Amino acid sequence: MAATQRGPALQRDLAPRATTPFALVGVSWDDPLADLSGTVEVRTRSSATGRWSEWRELGAERDDRPDAPSDVAAPERAGRGATAPLWVGASDGVAVRVASSGRPLPAGLRAELVDPGEGPAARSLPAGDRAPRPGVVTRSGWGADESLRARDFIYTGAVRVVFVHHTDTTNDYDCADAPKIIRSIYRYHVKSSGWRDIGYNFLVDKCGTIYEGRAGGVAEPVLGAHTLGFNTDSAGVAAIGTYVSTAVPQAQVEGIAKIAAWKLGLTGRDATGTTTLVSASDGSRYKKGTQANFGAISGHRDAFNTQCPGARLFDRLGDIRSLAARLQGR
């Protein structure tokens, strides 16, 4: 691994170090509340071909995270600041460059290299399931290492809003590799960012397969770390991929609609309805204590100033609501 820090009048090269195999990369720093004023770019070397990728920028991960510790009864671990994770596939080399915009860089910058580990043998999901509860690959199904997460669970009130996200990772993956991507995001959220567990309650791959995210029971209102300020009384569903300019596969749209329809239907919530949530953080789009109105199925950007879930997926929320309502028999 090689790294460079660049400032207005300074460039410092860090000595290369050996790396172990990995498939997801990010950069973290000591203070979870500190902003990284500048840019972080990485390039990686493929284990299969030995070729280096182009430089790719890592975005800041300030919006998919827990609410402030004072805002929840049992706070998340303090954690670390971190960029968004980048799925790169099987790799054995990485170069990192950090460019300051003039302000000091946060202390404790380090590259986070995540090996997804080995998952269970592949298994098929129920075919043609039209029941209100869709087929969901459990945590054991995608190979979650349960020793990583916090042992206890935190529950909120009934889920009244499903927030739709994208993971902001590559679209160029085989659906058979989705468990690896999820294991990597899980390890990054817990080991690199210091969260209790993976932030999302559910994830959906581009083939429409639904995966259990945060532990605690798929039918339970598990407190997630997906929508800063509005993690209470909500669930986060993340589409695996990036949908800023790429069209969303129909199967993925349907998978999101299925899990949203079922989750909201557990307490009789209309997928096309609206509700009011109270902001728990000034870091959200609404000041702490503000009442905000949301659709029962909303995009992450409805609650935070972010591109997530990407313009193309955000534009499909109407279709997702309509399909979810039909699945609810409305």
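Before reading further, recall that the structure is shown in the block above.
The structure displayed is predicted, hence computed values, not measured ones.

Undergrad: Quick question: what am I supposed to make of the packing of aromatic side chains here?
TA: Geometry of an aromatic ring pair is reported as the spacing of the ring centres plus the angle between the planes. According to the stated counting rule, one finds six aromatic pairs in the structure shown. With a centroid separation of 5.0 Å and 75 degrees between ring planes, the pair formed by Phe 230 and Phe 294 is classed as edge-to-face. Of this pair, Phe 230 sits in the loop between strand S12 (210-212) and strand S13 (234-239) while Phe 294 is found in strand S15 (residues 291-295), placing the two residues 64 residues apart along the sequence. Accessibility expressed as a relative area gives 3% for Phe 294, which makes it buried. Between Tyr 286 and Phe 294, the aromatic rings sit 6.1 Å apart at their centres with planes inclined by 85 degrees, giving edge-to-face as the arrangement. Of the residues examined, Tyr 286 reaches a relative accessible area of 26% and is grouped as partly exposed. Through a chain of ring-to-ring contacts, the aromatic side chains of Phe 163, Phe 230, Tyr 286 and Phe 294 assemble into a single cluster. The positively charged end of Arg 139 is found above the aromatic ring belonging to Tyr 186, 5.0 Å away from the centroid.

Undergrad: What is the right way to look at the state of the cysteines in this model?
TA: In total, this model carries one disulfide according to the counting rule given. Here Cys 175 is linked by a disulfide to Cys 207, with a sulfur-sulfur distance of 2.1 Å. Since a negative S-S torsion denotes a left-handed disulfide, the Cys 175-Cys 207 link at about 90 degrees is right-handed. Taken together, the positions of Cys 175 in the loop between strand S10 (161-166) and helix H2 (178-192) and Cys 207 in the loop between strand S11 (202-204) and S12 put the pair 32 residues apart, joining distant regions of the chain.

Analysis parameters
- Residues numbered from 1 in each chain as written.
- Predicted model: local features only at pLDDT ≥ 70, side-chain atom pairs only at ≥ 80, totals over all residues.
- Heavy atoms only, no water.
- Phe/Tyr/Trp six-rings, centres within 6.5 Å; stacked < 30°, edge-to-face > 60°.
- Helix = DSSP H or I, 4+ residues; strand = E, 2+ residues; numbered from the N terminus.
- Buried < 20%, exposed > 50% of the residue type's maximum accessible area, 1.4 Å probe, protein only.
- Lys NZ or Arg CZ within 6 Å of the ring centre and 35° of its normal.
- Disulfide = S-S within 2.5 Å.

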